[in-house]
Amino acid sequence: MRIMVQKFGGTSLSTVQAREHVLRHVKRELEAGLSLVIVVSAMGRRGEPYATDTLLDWAAQNGNALSAREKDLLLCCGEIISATTLSSLLEHEGIPTTVLTGAQAGFVTDDNFGNARILDVRPVRVLEQLQLGRVVVVTGFQGQTENGDFTTLGRGGSDTSATALGAALRAEMVDIYTDVNGILTADPRIVEDARPLTVVSYAEICNMAHHGAKVIHPRAVEIAMQSQIPVRVRSTFADTEGTLVTHPEGFQDVQTGIVDRYVTGIAYVSNVTQITVDVPGGGADRLQLKVFKTMAENSISVDFINVTPSGVVYTVFDSDSEKAIQVLQEIGLKPQSLSGCAKVSVIGGGINGVPGIMARIVESLTLADIQILQSADSNTTIWVLVKKEDMVQALRALHASFELHL
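None of these values were measured; they are calculated from a predicted model.

Scoring rules and cut-offs
Residues numbered from 1 in each chain as written. Predicted model: local features only at pLDDT ≥ 70, side-chain atom pairs only at ≥ 80, totals over all residues. Heavy atoms only, no water. UniProt positions renumbered as here; feature names shortened; annotations may be inferred. Helix = DSSP H or I, 4+ residues; strand = E, 2+ residues; numbered from the N terminus. Contact = heavy atoms within 4.5 Å. Buried < 20%, exposed > 50% of the residue type's maximum accessible area, 1.4 Å probe, protein only. Core = buried A, V, L, I, M, F, W, Y, C linked by side-chain atoms within 4.5 Å. Lys, Arg positive; Asp, Glu negative; His and termini not counted. Salt bridge = Lys/Arg side-chain N within 4 Å of Asp/Glu carboxyl O. Polar contact = N/O pair within 3.5 Å; in protein donor to acceptor, adjacent residues only side chain to side chain. Phe/Tyr/Trp six-rings, centres within 6.5 Å; stacked < 30°, edge-to-face > 60°.

The subject of this paragraph is the UniProt feature "binding site: ATP" (unreviewed entry) in the protein chain. When the UniProt feature table is mapped to this numbering, "binding site: ATP" (unreviewed entry) covers Lys-7, Phe-8, Gly-9, Gly-10, Thr-178, Asp-179, Arg-189, Lys-214 and Val-215. Maximum C-alpha separation among the annotated residues is 24.4 Å over a sequence range of 209 residues, too wide for a single clustered spot. Within the fold, Lys-7 resides in strand S1 (residues 3-8). Contacts of Lys-7, omitting those with residues within four sequence positions, involve Val-39, Ser-41, Ser-158, Asp-159, Ala-162, Asp-175, Ile-176 and Tyr-177. Here Lys-214 lies in the loop between helix H7 (202-210) and helix H8 (218-227). Lys-214 gets classed as exposed once you look at its relative accessible area, which sits at 74%.

Our focus in this paragraph is unusual backbone geometry. A positive phi is found at Asn-271, a non-glycine position, where the angle reads about 60°. For Asn-271, the location among the structural elements is in strand S13 (residues 265-278). The partly exposed category is assigned to Asn-271, whose relative accessible area is 34%. Backbone geometry places Phe-304, a non-glycine residue, at a positive phi of 50°. Note on placement: Phe-304 falls in strand S14 (residues 303-308).

Here, UniProt's "domain: CASTOR ACT" (unreviewed entry) annotation points to residues 339-399. Secondary structure content for residues 339-399 is 33% helix and 33% strand, while the C-alpha to C-alpha distance between its ends is 25 Å.

Here we come to the nonpolar core. Counting residues in hydrophobic clusters, the biggest one holds 38 residues, and the most contacted among them are Val-37, Val-126, Leu-165, Ile-183, Ile-205 and Ile-216. In contact with Val-126, not counting residues within four places along its chain, are Val-37, Leu-100, Ala-105, Val-136 and Leu-169. Counting 26 residues, the second largest nonpolar core, distinct from the first, contains Val-263, Ile-382, Val-384 and Met-391.

All right, on to the side chain of Arg-19 then. When you line up the elements, Arg-19 lands in helix H2 (residues 16-31). One buried charged residue, Arg-19, remains without a salt bridge, the closest side chain of opposite sign being Glu-48 at 7.7 Å. A distance of 2.6 Å separates the side chain of Arg-19 from the backbone oxygen of Leu-13, its partner in a polar contact. Excluding its chain neighbours within four sequence positions, the residues that come into contact with Arg-19 are Ser-12, Leu-13, Ser-14, Met-43, Thr-85 and Leu-89.

Counting across every chain of the model gives two aromatic pairs. A centroid spacing of 4.7 Å and a plane angle of 15° characterise the contact between Phe-8 and Tyr-177, whose relative ring orientation is stacked. On the criterion of sequence distance, the pair formed by Phe-8 in strand S1 and Tyr-177 in strand S9 (residues 173-178) is long-range, its members being 169 residues apart. Grouping residues by exposure puts Phe-8 and Tyr-177 together as buried.

Printed below as a string of structure tokens:
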């Protein structure tokens, strides 16, 4: 069988008109001779009847006392409604379907309720139904422990379900349908001349996803990269090919204007606080251990870490900053903080080993009169920390400097 996995997000299923587009995409791939597995998210967004956030609000309005295990039971309902709705529409069109929950589709997870990790995918029933010529509709975002408890995979979990199932089935392609036309060079709400990308590498999109781009979840990309399953990010509301995510060797199979590029896109994370802890006169090694151990013990996520002989500089989300400062003071440290910052990331598979990239970043931000508070880099990403009020101008300046609009 030639198997394709299609994943449709909440906005793709939330209205009658949107669901008509979904049916069109399904019929097109069936006519091309593909066997289809469709992974669905809960329909709509907060305020709409079956959305995940609406279910959470319902629990909050009725005692707000559900344990994590019972909350996962509730949240699994959203995807079940989506899957059965789509099944009914497909059957009405004469397309035979079988609906499977994440557990029935073979997703085995740990018992970290609310943010479970996939331990294994055993798609025996999926393959059986495909062999019978049926379209299999699978509830995304969920699985089951070895003990039989329902679990959910955390935000973006349906993307992860789709690529994990694609890997287990050795699918030809995983298509992620969303409300935007593929992956863009920057957030189009901020950078008006952001353009869609025809093809990106796994590493590039994984970095973009980790550093603020919300088109696809980074866990989903990591699974696809490990299994070398190509992924397309496409619009539910158009017939364009969207963006192909693959390994660099696969670029030659895609007709695109520019392949040899240094920078692929610009991403951002706002609302972060910079924390600085210094130790005058040495002894920073013990300080570093104390700082990060204290953050871990208090479940505070740290990012953008610079460690020096005299101290540490790192960021936390603004929502965690008050607690972070408090616990550091309680262990005798004197942290300094700067809230209201934003991390801007310049991402590209061609950055590594190319002189002048950082110089161009500094030049473009200097010309825009934007102060760089902190910087770091990897082989595919350079990060700069700026004040939040400078973030929009920084994104636009860097997008123009690297000519990403062309």
